[in-house]
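These are the residues of each chain, in order.
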Amino acid sequence: MKKEDDGGWRRAAKGGGGGGGKAGSSALSCSGSCCSALAMVKKSFLSYHKTIWGPLELVEKLYPEAEEIAASVRDLPGLKTPLGRARAWLRLALMQKKMADYLRCLIFRKDLLSEFYEYHALMMEEEAAVIVGLLVGLNVIDANLCVKGEDLDSQVGVIDFSMYLKNEDAAENKDRNDHIAAILDQKNYVEELNRQLNSTVSSLHARVDSLEKSNTKLIEELAIAKNNIIKLQEENHHLRSENTLILMKTQHHLEVNKVDAETELQTYKHSRQSLDEMYNEAHRQLREESQLRQDIENELMVQVGMKHEIELAMKLLEKDIHEKQDTLINLRQQLEEVKAINVEMYQKLQVSDDAVKEKNEIIGRLEDKTTQITATMKQLEQRLQQAEKAQMEAESEDRRFKQDYMSQSESLQKEITLKENQLGQLETDLKIEREWRETMEEDFKKEKEKSSSLKTETQQIITLKKEFLKVQEKNKQLKNLCHDQEEALQELAGKLSESKLKIEDIKEANKTLQGQVWLKDKEATHCKLCEKEFSLSKRKHHCRNCGEIFCNACSDNELPLPSSPKPVRVCDSCHALLIQRCSSNVP
């Protein structure tokens with residue numbers, strides 16, 4: 001460690017060669033130079049000089065890593081002035097190699113610096129960034145500066161190394177410079193050793209103080225322990241005297257107890273004789289009761305057989321009921337299907353009726369059209385006959401004209417040409433009338449075909465009506481059957497209810513024959529109905545009718561019983577059974 005420190009301080013002193021004196025002086029007198037660089041401080045309103053410690057305190061807010069330095073500076077005991085704290089802070093920043101980083105944060109916040117510096121101060125101008133850039137070079141130096149042992153509140157003496165600096169003109173004084181450098185190194189080494197010794201001495205003084213304090217505490221504890229020992233010895237002596245008294249008392253009690261035990265033995269012997277007699281009598285009674293129990297068990301076996309027979313009868317009855325219920329369900333399904341078919345047939349009938357009405361209307365319209373066509377045909381035939389008559393008359397007139405008036409041939413020929421033209425027109429009219437007649441005949445044939453198809457459809461509708469009437473008759477028959485079956489089922493249900501009541505009466509009679517078993521609390525761990533486990537919150541409750549144990553939810557009913565006229569707790573099953581019996585007994 002010493003060699004490393006020597007190298008560090010040599011580098012700080014030399015500054016790495018030719019211009020190393022300046023760097024060394026700046027490193028050693030860092031607090032003085034930085035303080036002079038930051039010396040342009042504002043005066044406040046009350047003419048109080050703000051020191052350099054103010055802006056340096058802001059660094060911990062801007063740069064969180066500086067919180068440790070600020071805290072350690074505040075905790076230093078020897079510092080009293082803000083200037084001393086600033087010097088300590090700068091030394092710690094140099095040792096951390098973060099002086100340039102901390103000051104860079106400050107320079108960029110001109111709004112905060114304006115509270116401490118004038119506008120023309122060096123820290124507020126652009127040269128401050130240059131100074132911070134130059135301070136980055138100090139990160140190369142491994143600084144190990146003492147903070148605790150020195151008086152940082154007073155002005156630090158700056159060593160002037162200008163007389164030892166190398167002159168460019170005097171190249172002959174190399175040996176002298178080397179000798180001076182060696183002396184400086186030795187001086188620095190001695191100063192560092194002195195500082196380390198001072199720090200060790202101060203730490204030893206502190207240890208001595210702490211040891212003295214601990215020694216005084218130990219002496220006080222020793223005195224307290226001695227006093228406690230004396231008190232304990234006194235208590236021990238007192239307890240021994242009490243112990244002897246207790247021993248005497250216990251011996252006296254033992255003697256008294258012995259006398260009592262002898263008297264108790266005698267009484268025990270007398271009582272044992274009487275107990276033996278009682279035991280013999282109880283044994284006789286037990287034998288008699290065991291015989292009675294065997295008789296009761298035989299009777300029970302007979303009753304169990306009866307019970308099995310009743311259960312078989314019940315099962316047969318239930319099977320019959322289930323079969324009848326199945327038949328009922330099938331009949332209801334058939335009824336529903338028949339109803340659905342009836343509804344469909346009714347809907348089809350309505351549709352077919354509507355279609356028949358429409359087709360009857362169409363047939364009426366077609367008959368009207370046929371009558372119109374026949375009338376037009378007759379009119380056309382009359383016109384044809386008239387035209388043929390006119391043609392015949394024209395031909396006869398032609399013959400007459402040819403015979404009578406040969407002389408007037410030219411005039412007649414003109415008339416003939418005119419009449420021929422008229423004939424041509426009449427022939428064209430005839431052709432048109434024939435074509436129209438043919439189209440009318442085709443339309444008539446189509447209408448006949450339509451009427452025939454409508455007739456067939458009407459016949460089908462008539463057959464559907466007949467089928468519908470048959471279905472209605474079947475439906476009526478099925479309804480009658482269903483009604484009869486429902487009546488039969490109702491009768492069966494009445495008989496069933498009567499048989500169930502009889503079975504329940506038989507069961508109750510069987511229970512009364514067997515005798516109601518009053519279950520013990522230890523035998524039941526779960527509710528008989530809901531099968532939930534009993535606990536502190538889920539309590540046990542006896543049913544006063546059947547004697548079984550239930551939870552509160554399954555036995556939250558009260559009814560008067562033959563055994564007790566007042567309403568008593570009854571389980572849900574017994575409650576339902578008793579209510580049903582009461583309702584059946586009521587006329």
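In this numbering scheme, every chain counts its residues from 1 along its sequence in written order. Thresholds applied to this predicted model are a pLDDT of at least 70 for local features of residues and 80 or more for the giving and counting of side-chain atom pairs; totals over whole chains, interfaces and linings are not thresholded and use all residues. Excluded from the side-chain calculations are hydrogens and water; all other atoms, namely the structure's heavy atoms, are used.

A description of the nonpolar core should follow, citing residues and the corresponding values.
We call a set of buried Ala, Val, Leu, Ile, Met, Phe, Trp, Tyr and Cys residues a nonpolar core when their side-chain atoms join them within 4.5 Å. For each residue, the accessible area found with a 1.4 Å probe, counting protein chains only, is set against the maximum for its type, and the residue is called buried under 20%, exposed over 50%, and partly exposed in between. Ranked by internal contacts, the top residues of the largest apolar core, which has 36 residues, are Leu-56, Trp-89 and Tyr-117. Contributing elements (two or more residues each) for this core: α4 (53-62), α5 (67-75), α6 (82-96), α7 (99-108) and α9 (127-135). Ignoring anything within four residues of it in the chain, the contact list for Trp-89 reads Trp-53, Leu-56, Val-59, Ile-69, Ala-70, Val-73 and Tyr-102. The next biggest cluster of nonpolar side chains, apart from the first, holds 16 residues, and it includes Cys-543, Ile-549, Leu-559 and Leu-578. Strands here mean DSSP runs of E at least two residues long; helices mean DSSP runs of H or I at least four residues long; both are numbered from the N terminus. Pairs of residues are marked as contacts when any of their non-hydrogen atoms sit within 4.5 Å.

With reference to specific residues and values, describe the state of the cysteines.
As used in these notes, a disulfide is a covalent bond between sulfur atoms, one from each of two cysteines. In this description, the term disulfide denotes a pair of cysteine sulfurs within 2.5 Å. Taken as a whole and judged by the stated rule, the model has zero disulfides. No disulfide involves Cys-571; its sulfur sits 3.3 Å from that of Cys-574, the nearest cysteine.

So, a positive patch on the surface: which residues are in play, and what are the values?
A grouping of Arg-365, Lys-369, Lys-446 and Lys-450 is seen on the molecular surface, where their side chains present a positively charged patch. Where the positive patch is concerned, the elements lending two or more residues are α10 (174-404) and α11 (409-514). For Lys-450, the location among the structural elements is in helix α11. Judged by relative accessible area, which is 46%, Lys-450 ranks as partly exposed. Note that patches include only residues with greater than 30% relative accessible area and no salt bridge, and the join distances are 9 Å for like charges and 5 Å for nonpolar side chains (Val, Leu, Ile, Met, Phe, Trp, Tyr). Accessibility throughout is a Shrake-Rupley quantity obtained with a 1.4 Å probe, and a residue counts as covered only by protein chains that appear here. Any Lys or Arg side-chain nitrogen found within 4 Å of a carboxyl oxygen on Asp or Glu counts as a salt bridge. Positive charge is attributed to Lys and Arg, negative charge to Asp and Glu, and no charge count is given to His or to the chain ends. For the purpose of locating charges, the reference atoms are NZ of Lys, CZ of Arg, CG of Asp and CD of Glu.

Describe a nonpolar patch on the surface, naming the residues involved and giving the relevant values.
Judged by side-chain polarity, Leu-292, Ile-296, Leu-300 and Val-304 come together as a nonpolar surface patch covering roughly 310 Å² of accessible area. As for its position among the elements, Leu-300 is in helix α10.

A description of the pairing of strand β4 (residues 567-570) should follow, citing residues and the corresponding values.
Paired strands are those between which DSSP finds at least two bridges. As paired strands, strand β3 (residues 557-560) and β4 are joined by four bridges and run antiparallel to one another. Following the sheet pairing, Leu-559 is matched in β4 by Val-568. Hairpin geometry of β3 and β4 is characterised by an intervening segment of six residues between the two adjacent antiparallel strands.

Account for unusual backbone geometry, naming residues and giving values.
Positioned with a positive phi, Lys-97 is a non-glycine residue whose angle comes to about 65 degrees. Summarising the element assignment, Lys-97 is placed in the loop between α6 and α7. Residue Lys-97 is classed as partly exposed on the basis of its relative accessible area of 31%. Unlike most non-glycine residues, Glu-531 shows phi in positive territory, near 60 degrees. With respect to the helices and strands, Glu-531 occurs in the loop between α11 and β1 (541-542).

Please set out α7 residue by residue, giving values where relevant.
Counting buried positions along α7 yields seven of ten residues, so the element is predominantly enclosed. Inspection of α7 places Met-99, Ala-100, Tyr-102, Leu-103, Cys-105, Leu-106 and Ile-107 among the buried residues, and these make up the whole buried set.

So what's going on with the packing of α7 against α9? Residues and values would help.
Between α7 and α9, the shortest axis-to-axis distance is 8 Å and the interhelical angle comes to 165 degrees. As judged from the angle between their axes, α7 and α9 are roughly antiparallel. Crossing handedness for the pair α7 and α9: left-handed. In this structure, α7 uses Met-99, Ala-100, Leu-103, Arg-104 and Ile-107 to contact α9, whose residues at the interface are Ala-128, Ala-129, Val-132 and Leu-135. Classification convention: Asp, Glu, Lys, Arg as charged; Ala, Val, Leu, Ile, Met, Phe, Trp, Tyr, Cys, Pro as nonpolar; all other residues, Gly among them, as polar. Of the residues in the contact of α7 with α9, the class split is eight nonpolar, no polar and one charged. Fitting a line to C-alpha atoms yields each axis, with helices limited to the stretch in contact; the angle taken between N-to-C directions then spans 0 to 180 degrees. What sets the label is the angle itself: under 35 degrees gives roughly parallel, over 145 gives roughly antiparallel, 65 to 115 gives roughly perpendicular, and the rest give oblique. Each crossing gets its hand from how the near helix is turned against the far one by less than a right angle, where anticlockwise is left-handed and clockwise is right-handed.

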